[in-house]
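An overview of the molecular structure
What follows is the residue order along each chain.
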Amino acid sequence: MYRERPSRLSGAVLWTRTVEGGAPRPVLPDGCMDLLWCEGRLLVAGPDTRAHVPDTPPGTHYAAIRFAPGAAPALLGVPAHELRDTRVPLDALWPGAEVRSLALRIGDAAEPAAALEAAVLAKAPPQDPLTRAVSARLAAGWSVGATAAEAGLGARQLHRRCLDAFGYGPKTLARILRLRRALALVTRGVPYAEAALVAGCADQAHLAREMRALAGMTLTAYAEAANSDTSVPSGSWTVA
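Being a predicted model, the structure only gives us computed values, none of them experimental.

About the criteria used
Residues numbered from 1 in each chain as written. Predicted model: local features only at pLDDT ≥ 70, side-chain atom pairs only at ≥ 80, totals over all residues. Heavy atoms only, no water. Helix = DSSP H or I, 4+ residues; strand = E, 2+ residues; numbered from the N terminus. Buried < 20%, exposed > 50% of the residue type's maximum accessible area, 1.4 Å probe, protein only. Contact = heavy atoms within 4.5 Å. Core = buried A, V, L, I, M, F, W, Y, C linked by side-chain atoms within 4.5 Å. Phe/Tyr/Trp six-rings, centres within 6.5 Å; stacked < 30°, edge-to-face > 60°. Lys NZ or Arg CZ within 6 Å of the ring centre and 35° of its normal. Salt bridge = Lys/Arg side-chain N within 4 Å of Asp/Glu carboxyl O. pLDDT = per-residue confidence, 0-100.

Time to look at the overall build of the protein. Summing up its helical and strand segments, the protein has 10 helices and six strands in all. In terms of overall dimensions, the protein has C-alpha extents of about 50 × 45 × 25 Å along its principal axes. A total of 240 residues make up the protein; the buried ones form 48% of that total. When contacts within the protein are restricted to residue pairs at least 6 apart in sequence, long-range pairs at least 24 apart make up 69% of them.

And the structure:
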């Protein structure tokens, strides 16, 4: 069973999950990073460039916060590209004693997710306005060139900033966010060809190629599985 709600941290989502039986659902790239409490351990899910299939047994409990794109590196103290396509223990990034104390406090709380959120709120610095603006423009379908120009950055500068903030360059981030736009439409029943054009793909074939490259599945397989899956929100599949 999966539940989520908006976090008090701007742009973040607080979520909980108890893993149920059946085949695991893939975690699709979304430009975000998560901080997870899982059975007494604190973990960081880095930014994905491809689908990740979790390997956790039924009954495993999660409480986590999914940060807005680009927001996690300043809190974690490490550039996002160093965590790309990885799941790492938080004590590899923060002092072990601090992580153990936090994990115990979350585990002892009546609502572990709320305790995790409170700890993050107490420690998180304000998000960089430029990073937030870049993410918002790419999510809205702006081109990389127009986004760089609006930000007052050259192409190389924007690439470096995106590597540190998002884990990959602006072209990859734009592809991931475009795919998310298309999948949100598909799960609402929009025909594939229309979803492709509205999201910013050249045509349905372009969307199908991006789906295979980034999600490792076909549009039809995704739509069928999302419509039949009641353990996570339809079209989400972003739990780690």
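Moving on from the coordinates now.
So, about the nonpolar core. Core analysis: the largest hydrophobic core is formed by 33 residues, its most contacted members being Phe166, Leu183, Leu207, Met211 and Tyr222. Where this core is concerned, the elements lending two or more residues are α4 (129-139), α6 (155-166), α7 (170-186), α8 (192-199), α9 (204-215) and α10 (219-228). Listed in part, the 30 residues of the second largest apolar core include Leu9, Ala72, Val78 and Ala119.

This brings us to the packing of aromatic side chains. Under the definition given, this model contains two aromatic pairs. Relative to tyrosine 62, the ring of tryptophan 15 has its centre 6.0 Å away and its plane inclined at 45°; by these criteria the two rings are tilted. Highlighted residues: tryptophan 15 in strand β2 (residues 13-18) and tyrosine 62 in strand β5 (residues 61-66), separated in sequence by 47 residues. One aromatic cluster is present, built from ring pairs that chain together Tyr2, Trp15 and Tyr62. The ring of tryptophan 94 carries the charged tip of lysine 123 above its face, separated from the ring centre by 4.8 Å.

On to the pattern of salt bridges, then. Counted by the stated rule, this structure contains 11 salt bridges. Its salt-bridge partner being lysine 123, residue glutamate 98 comes within 3.2 Å of it at the nearest N-O pair. A residue pair is termed long-range when its members are at least 10 positions apart, and glutamate 98 in helix α2 (residues 96-108) and lysine 123 in helix α3 (residues 112-123) qualify at 25 residues. The structure contains a network of salt bridges with shared partners spanning Glu4, Asp34 and Arg66.

On to the confidence of the model for the protein. Residues with a pLDDT of 70 or more make up 94% of the protein, whose mean pLDDT is 91. Confidence drops under pLDDT 50 across residues 230-240; counting only partners more than four residues distant or on other chains, this segment forms 45 contacts.

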